[in-house]
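Listed here are the chains, written in short residue letters.
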Amino acid sequence: MDPLNHDKYPNLLRPLQVGHITLRNRTLMGSMHTGLEEVRGGFERLAAYFAERARGGVGLIVTGGVSPNREGWLKPFAVKLSNEREARKHRVITDAVHAEGGAICLQVLHSGRYGYHPLCVAPSKIKSPISMFKPRAMSDRKIEKTIQAFVRCAEMAKLGGYDGVEIMGSEGYLINQFIATRTNHRDDRWGGTYENRIRFALEIVRRTRAAVGSDFIIIFRLSMLDLVDGGSTWDEVVTLAKLLEEAGVSIINTGIGWHEARIPTIATMVPRASFSWVTQRMMGEVSIPLVTSNRINMPGVAERVLADGHADMVSMARPFLADPELVVKAEQGREDEINTCIACNQACLDHAFKNKIASCLVNPRACHETEIVSKKVAQPKRIAVVGAGPAGLAFSTEAAERGHDVTLFDAASEIGGQFNMAKKIPGKEEFHETIRYFGRRLELTGVSLKLGQRQSADDLLEGAYDEIVLATGVHPRRINIDGEDHPKVLKYTEVLAEEREVGDKVAVIGSGGIGFDVSEYLTHTGESTGLSIPTYLTEWGIDPENVARGGIEGVEAEHSPAAREVIMMQRSEGRLGSRLGKTTGWIHRATLKHKSVEMLPNVEYLKVDDRGLHIRNKSTDREEVLDVDNVIICAGQIPNRDLFDSLRASGANVHLIGGADEAAELDAKRAIDQGTRLAVSI
Ligand code: FAD
Ligand code: NAP
Ligand code: SF4
């Protein structure tokens, strides 16, 4: 190991004593449910997934949430741990992590009223806004049994070989539901005063410590900022932290925001390390170590947080999906090789909400380690790849890594394809990291890169390649109305890539991901919330002093004015943006609402002329003219297969990937996944 990088990351790479264990550095891989917990053969796959992260240098791993009993399930038949038979199944995971020199804790999570099933329970019978099931209020006896279930779960975790447990006390799950008046309306010894409301948390910790002994880590995930009305005050949070320490907690992890909070806390438009200041206020209040979290995605960010005294350790969850070797790359001075999490949520959280196995947009191997296996080839082929967008980049680097001789062409002067437009959207600045990552991978894998070279079928045939991969992306769709070529009309590519001038009043045709992004781009003023913590806190109404209850009560959000007037439209009925990502769509809708963007569904486009855009409202059958300066077309795309037929007809071995293969429902997740899977099989 290069000692220089210990100089560069003196805090991050320093060991930390937690309870009876000395962790090798200050990185914690935060808890993430992957979906593997519930599938056949999932524990073996989890073992490979966690072992890869342990090998990559993570200091301490925390598993996805495991319920202590059936009522605590997140969904029917979700993973639980309450007996020895279940505990033995975990050995494959803990042994694999320990064999790599890592340490691992099991997260004990009781979902309470967030449970998506009819058995769910809560302190009081109050339905959550994010589950259709109304919980049953817990009796005194039920509370006692639930505490015992938490303790038993920790004992079983110890039997299963874990180094400790993380007791999930934040994000609005059961323990948090007891703590907050928002969800606890009881008048017995478990409700009413703060002392009563925190009794449940403290009893769980106290009795768990008594049962597991001193040679076992207990992490408590404490909600330091609830971001909902009826949450805790800062003084209450500090009181609880001190009592948790007394009760036997080894280390406190920071929880930010309940799942039902209407404030984004981890999506890409949230600035890096935007909540470390919250943990920093707790430093010195307790003598056990504190972990901070949320949007810490690169070693430099983590080092700064620690150097500034904001925490003793940093939690990174999704960044370890994106790159299992993040720590080792930092240690070896290979930061430019890190595949950075861009906080898109598209393959991790969005999958979890759709009951799909989690993965990562920028790293399709995540949670598929045993399925996507890269092996060196015995007989290298000469391969031409056309298009250096996400699909072509993923294919080229993986194929070259395996030993193929790859030449990558792009007509543009830079790599990245449509990601070069995505990174210009305010709040999506992180997307440039993926282009940086692939740029370095091209160098390392020895891909021959030819920029500024538009390829024709003849060019490619002349090269006499063994295989040709077309990753040529898409063409914007034309909408075939009168006046489509009027000077007022612009394609989204002309606005974003060519940066053509746009007037003060604009109609946007199409409300998919690109329609929303273009509208954000056109209405945005001031600093990007993605880059400035003060701007982000102000725009989302978060008290930077954290005096307000829950961090938000009584705080008015302040929005910068819109740069121009925008009207968004779609032909179909229903709410605009309903097909956007489950965990991010609501943020885009809220952002545009703050910019007073008008949203019109059920519209027929008639024509464009000097007066503007003529439309018919299909609900009322009324026609009107929108007096706009520009009409921007964001009406989806069609595959760019211009080269395919002639190459095929000439007998070349041609493959289509990404948008060139299929434009419907195309996103970078599919493009990168398809490119990678073809590369490991060719
Ligand atoms: P492209 O990225 O289109 O790349 C194709 C490349 O081929 C281009 O570089 C082009 O120059 C080159 N090319 C074409 N023909 C030739 C030729 N004959 N010779 C040489 N080169 C050629 N996706 C997400 O998943 N999440 C997002 O948040 C997201 N946001 C987006 C925001 C915007 C504003 C835009 C425009 C797109 C966004 N996307 C997003 C979509 C995502 O960027 C695309 O799905 C992805 O880029 C498709 O990858 P691709 O490699 O198939 O094609
Ligand atoms: P899209 O999501 O398919 O949306 C296309 C829009 O155009 C729809 O609103 C559609 O609505 C409209 N439309 C389709 N055909 C039309 C026609 N002939 N005339 C007029 N309107 C038409 O495509 P996109 O917005 O171009 O996005 C492309 C891909 O990039 C998406 O699949 C998305 O996953 C990805 N992306 C993702 C994000 C993200 O944040 N996750 C951001 C940007 C892009 P109607 O048919 O109702 O009119
Ligand atoms: Fe990060 Fe997106 Fe990958 Fe999730 S899918 S880990 S948010 S890059």
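Keep in mind it's a predicted model, so treat the numbers as computed, not measured.

All right, on to the site of ligand 1 then. Near ligand 1 lie 35 residues; those nearest to it are Q346, D410, K428, G659 and A668. Q418 is positioned such that a nitrogen or oxygen atom in its backbone is 2.9 Å from an oxygen atom of ligand 1. Protein burial of ligand 1: of its 1000 Å² of free accessible surface, 91% is covered by the chains. At the level of elements, α15 (390-401), α16 (419-422), α19 (492-496), α20 (513-523) and α24 (668-681) are the ones that each hand at least two residues to the shell around ligand 1. Two domains share the shell around ligand 1, each providing at least three of its residues, namely domain 2 (382-475 + 638-681) and domain 3 (489-525 + 561-635).

Attention shifts here to the pattern of salt bridges. For the structure shown, the criterion picks out 44 salt bridges. Residues K75 and E38 are paired through a salt bridge, measuring 3.9 Å at the closest nitrogen-oxygen approach. Here E38 lies in the loop between β3 (27-29) and α2 (42-55) and K75 lies in the loop between β4 (60-66) and α3 (84-89), a separation of 37 residues in the sequence. Judged by relative accessible area, K75 falls into the partly exposed class, the value being 24%. With a shortest N-O distance of 3.4 Å, R549 and E236 are connected by a salt bridge. Residue R549 is found in the loop between α21 (533-539) and β20 (565-569), and its partner E236 is found in helix α9 (residues 234-247); the two are separated by 313 residues along the sequence. According to the relative accessible area criterion, E236 is buried, its value standing at 13%.

Membership of the largest hydrophobic core comes to 150 residues, with the highest contact counts inside it found for F200, L222, F275 and F395. Setting aside residues no more than four positions away along its own chain, F275 makes contact with L225, L227, I256, T265, V270, T292, S293, N294, Y536 and I542.

Attention shifts here to the sheet that holds strand β27 (residues 654-656). Strands sit in the order β15-β14-β13-β16-β27 across an open sheet of five strands; the sheet is parallel. Single-partner strands in this sheet number two, and they are β15 (448-451) and β27. Taking the axes of each pair of neighbouring strands and ignoring which way they run, one obtains an average angle of 20 degrees across the sheet. Where strand β13 (residues 382-386) meets strand β14 (residues 405-410), five bridges bridge the pair, whose relative direction is parallel. Looking across to β14, one finds that V386 is bridged to F409.

With that settled, consider the domain arrangement of the chain. By the assigned domains, the chain splits into domain 1 (3-352), domain 2 (382-475 + 638-681) and domain 3 (489-525 + 561-635). Just the C-alpha atoms count here: the centres of domain 1 and domain 3 sit 40 Å apart. Considering only the side of domain 1, the residues that lose the most area to domain 3 are R262, M269 and D350, jointly responsible for 59% of the buried surface there. Counting the contacts that link domain 1 with domain 3 gives zero salt bridges. At the surface where domain 1 touches domain 3, the tally comes to two residue pairs in polar contact (both at pLDDT 80 or more). Of the residues assigned to the side of domain 1 that touches domain 3, the class counts are seven nonpolar, one polar and two charged.

The topology assignment puts S315 in strand β12 (residues 313-316). If we skip the residues at most four places from it in the chain, S315 touches L28, G30, N253, V291, T292, S293 and I296.

The next point concerns the packing of aromatic side chains. Scanning all chains against the criterion turns up ten aromatic pairs. Seen from their ring centres, W190 and F200 are 6.5 Å apart, and the 85 degrees between their planes marks the pair as edge-to-face. Note that W190 is positioned in the loop between α6 (174-179) and α7 (194-197) and F200 in helix α8 (residues 199-212), a separation of ten residues in sequence. An identical accessibility class is assigned to W190 and F200; each is buried. Among the aromatic residues, those joined into a cluster by ring pairs are F150, F178, W190 and F200.

On to α24. In an α-helix there are 3.6 residues to a turn, and that puts residues three or four apart on one side. Taking 1.5 Å of rise per residue, the 14 residues of α24 would be expected to cover 20 Å, and the 20 Å separating its terminal C-alpha atoms lies within 8% of that figure. A668, K669, A671, I672, G675, T676, L678, A679 and V680 are the residues of α24 that are buried. The elements touched by buried residues of α24 are α14 (349-353), α15, α16, α17 (431-445), β16 (467-470) and β27.

Right, let's get into the environment of C120. Note that C120 resides in the loop between β5 (104-108) and β6 (121-122). Here C120 falls in the buried class, since its relative accessible area comes to 0%. Sequence spacing of C120 and I435 is 315 residues, and the spatial spacing of their C-alpha atoms is 44 Å. Excluding residues that lie within four positions of it along the chain, C120 makes contacts with E71, G112, G115, F133, K134, P135 and R136.

Turning to the packing of α20 against helix α22 (residues 585-594), a few remarks are in order. In the contact formed by α20 and α22, the axes pass within 10 Å of each other and the chain directions differ by 35 degrees. Handedness of the crossing formed by α20 with α22: left-handed. Here α20 contributes F516, D517, S519, E520 and T523 to the contact with α22, which in turn contributes H588, R589, T591 and L592. For the contact of α20 with α22, the residue count by class is two nonpolar, four polar and three charged.

Reading the values: the criteria
Residues numbered from 1 in each chain as written. Chains lettered and ligands numbered in written order. Predicted model: local features only at pLDDT ≥ 70, side-chain atom pairs only at ≥ 80, totals over all residues. Heavy atoms only, no water. Near = heavy atom within 4 Å. Polar contact = N/O pair within 3.5 Å; in protein donor to acceptor, adjacent residues only side chain to side chain. Areas by Shrake-Rupley, 256 points an atom, 1.4 Å probe, with all protein chains shown as cover. Helix = DSSP H or I, 4+ residues; strand = E, 2+ residues; numbered from the N terminus. Domains from an automatic or database assignment. Salt bridge = Lys/Arg side-chain N within 4 Å of Asp/Glu carboxyl O. Buried < 20%, exposed > 50% of the residue type's maximum accessible area, 1.4 Å probe, protein only. Core = buried A, V, L, I, M, F, W, Y, C linked by side-chain atoms within 4.5 Å. Contact = heavy atoms within 4.5 Å. Pairing = 2+ DSSP bridges. Axes fitted to C-alpha atoms, helices over the stretch in contact; angles between N-to-C directions. Buried area = accessible area lost by both parts, 1.4 Å probe. Nonpolar A, V, L, I, M, F, W, Y, C, P; charged D, E, K, R; others polar. Phe/Tyr/Trp six-rings, centres within 6.5 Å; stacked < 30°, edge-to-face > 60°. Expected span 1.5 Å × (residues − 1). Left-handed = near helix turned anticlockwise from the far one by under 90°.

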